[in-house]
Structures are given as structure tokens and as C-alpha cells.
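Listed below, chain by chain, are the residues.
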Amino acid sequence: MGRLRLCCCAVILLSCAGIFQLYKSDISALAMIVLAIGILPLAAITPLAASDRRARRRVVGACMAYTVAAALAAIMAMNESGAFNPLLTALPAMGALLSLWAYLTRNRRRVSSYDHYFND
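Calculation criteria
Residues numbered from 1 in each chain as written. Predicted model: local features only at pLDDT ≥ 70, side-chain atom pairs only at ≥ 80, totals over all residues. Heavy atoms only, no water. Helix = DSSP H or I, 4+ residues; strand = E, 2+ residues; numbered from the N terminus. Buried < 20%, exposed > 50% of the residue type's maximum accessible area, 1.4 Å probe, protein only. Contact = heavy atoms within 4.5 Å. Areas by Shrake-Rupley, 256 points an atom, 1.4 Å probe, with all protein chains shown as cover. Expected span 1.5 Å × (residues − 1). Arc of directions from axis to C-beta. Axes fitted to C-alpha atoms, helices over the stretch in contact; angles between N-to-C directions. Parallel < 35°, antiparallel > 145°, perpendicular 65-115°, else oblique. Left-handed = near helix turned anticlockwise from the far one by under 90°. Core = buried A, V, L, I, M, F, W, Y, C linked by side-chain atoms within 4.5 Å.

> Teacher, can you tell me more about the overall build of the protein here?
A count of helices and strands for the protein gives four helices and two strands. Seen in sequence order, the protein has helices and strands lined up from the N terminus as α-α-α-α-β-β. Every one of the 120 residues in the protein was classed for burial, and the buried ones make up 35%. The contacts of the protein with a sequence gap of at least 6 include a subset with a gap of at least 24, amounting to 68%. Looking at the protein as shown, the accessible area adds up to about 7300 Å², and 66% of this sits on carbon and sulfur atoms.

> Mind showing me how you'd approach helix H2 (residues 29-45) here?
For the α-helix, the turn length of 3.6 residues means that residues three or four positions removed from each other point alike. Between its first and last C-alpha, H2 extends 25 Å over 17 residues, near the 24 Å set by a 1.5 Å rise per residue. Of all the residues in H2, the buried ones are Ala31, Met32, Val34, Leu35, Gly38, Ile39, Leu42 and Ile45. Buried residues in H2, looked at end-on, bunch into an arc of 160°, giving them a common side. Residues Leu30, Ile37 and Leu40 are exposed on H2 and point more than 90 degrees away from its buried face.

> For this particular structure, what's the right way to read helix H4 (residues 86-104)?
Its 19 residues place the ends of H4 27 Å apart at the C-alpha level, agreeing with the 27 Å of an ideal helix rising 1.5 Å per residue. Looking at H4, one finds that the buried residues are Leu88, Leu91, Pro92, Gly95, Leu98, Ser99 and Ala102. Each buried residue of H4 lies within a common arc of 120° when the element is viewed along its axis, so the set occupies one face. Residues of H4 that are exposed and point over 90 degrees away from its buried face: Pro86, Leu97 and Leu104.

> Can you walk me through the packing of helix H3 (residues 53-81) against H4 in this structure?
The description of two packed helices rests on the angle between their axes and on the distance between the axes. At a closest axis distance of 8 Å, the pairing of H3 and H4 adopts a crossing angle of 165°. Judged by the angle between their axes, H3 and H4 are roughly antiparallel. Relative to H4, H3 is oriented so that their crossing is left-handed. In contact with Val59, Val60, Cys63, Met64, Tyr66, Thr67, Ala70, Ala71, Ala74, Ala77 and Met78 of H3, H4 contributes Leu88, Thr89, Leu91, Pro92, Gly95, Ala96, Leu98, Ser99, Ala102 and Tyr103.

> Explain the nonpolar core to me, please; I cannot follow it from the model alone.
One recurring pattern in soluble globular proteins: nonpolar side chains tend to sit buried together. Leu22, Leu35, Leu42, Val59, Cys63, Tyr66 and Leu88 are the most contacted members of the largest nonpolar core, which has 30 residues in total. Sort the elements by how many residues they give to this core and H3 lands first, with 11 residues. The contact partners of Tyr66, leaving out residues within four places of it in the chain, are Val11, Ser15, Leu35, Gly38, Ile39, Leu42, Leu91 and Gly95.

Rendered as C-alpha cells:
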């Protein structure tokens, strides 16, 4: 889960760069707000270690919520500007990869005799 949390931090930073890029290109504030709202669930789960199944399911939900928000922001920005933006296109793809990763690791359980070993 530590690597997933680290990747969530990287996606949060890239999303902040995307918000700045939207602001710089004079796109409506609604797309920036939607992307900022999508960042909130990732920011909420990132500092917490998800060691039980309930917490891992929350991680899956947060990653999926981010994916939906990033896709909506990208669609709104592209409809308004009419131009292809690679960063805004990559954000929903990264969110989908985070969601898939979180989904695949949601049922892992810790092996008691080893500190950092999980069974699938």
C-alpha cells in the first residue's frame, strides 16, 4: 500500500499542475473546481495506511472518484478550448490505473510472521 500511496501523491501533484495549466489557459473555473474536488478524496486517503479491508475499499472508492472527476474536468476543458491537452488527458488514465491497482489489492491480508508480506 505504500507504493500506491506514493503514486497517489504524484497524481495529486500532477493534478495541481493541471489546475494551474487550466488557470493559465483561461478555461472556465468549473473545470478547475471539478479537478480540485477530485483531488480531495486522494488527499484524504494518502496519509493513512490502509491495513484492513474496509480501509482498502475506501482507497478503491477514492481512486474511482478521482478518475471520474479528472475525466469530467478533461472533457469540460477540451469542449471549451477545442484543443488537445496531453496532461489533462493523462490524468484520467492515471486515475484509472490507480483504481485498477487499488481494486486488485483490496483483499490482501497481512501474514503475521512477516512484517511487510501480504498474501493475495
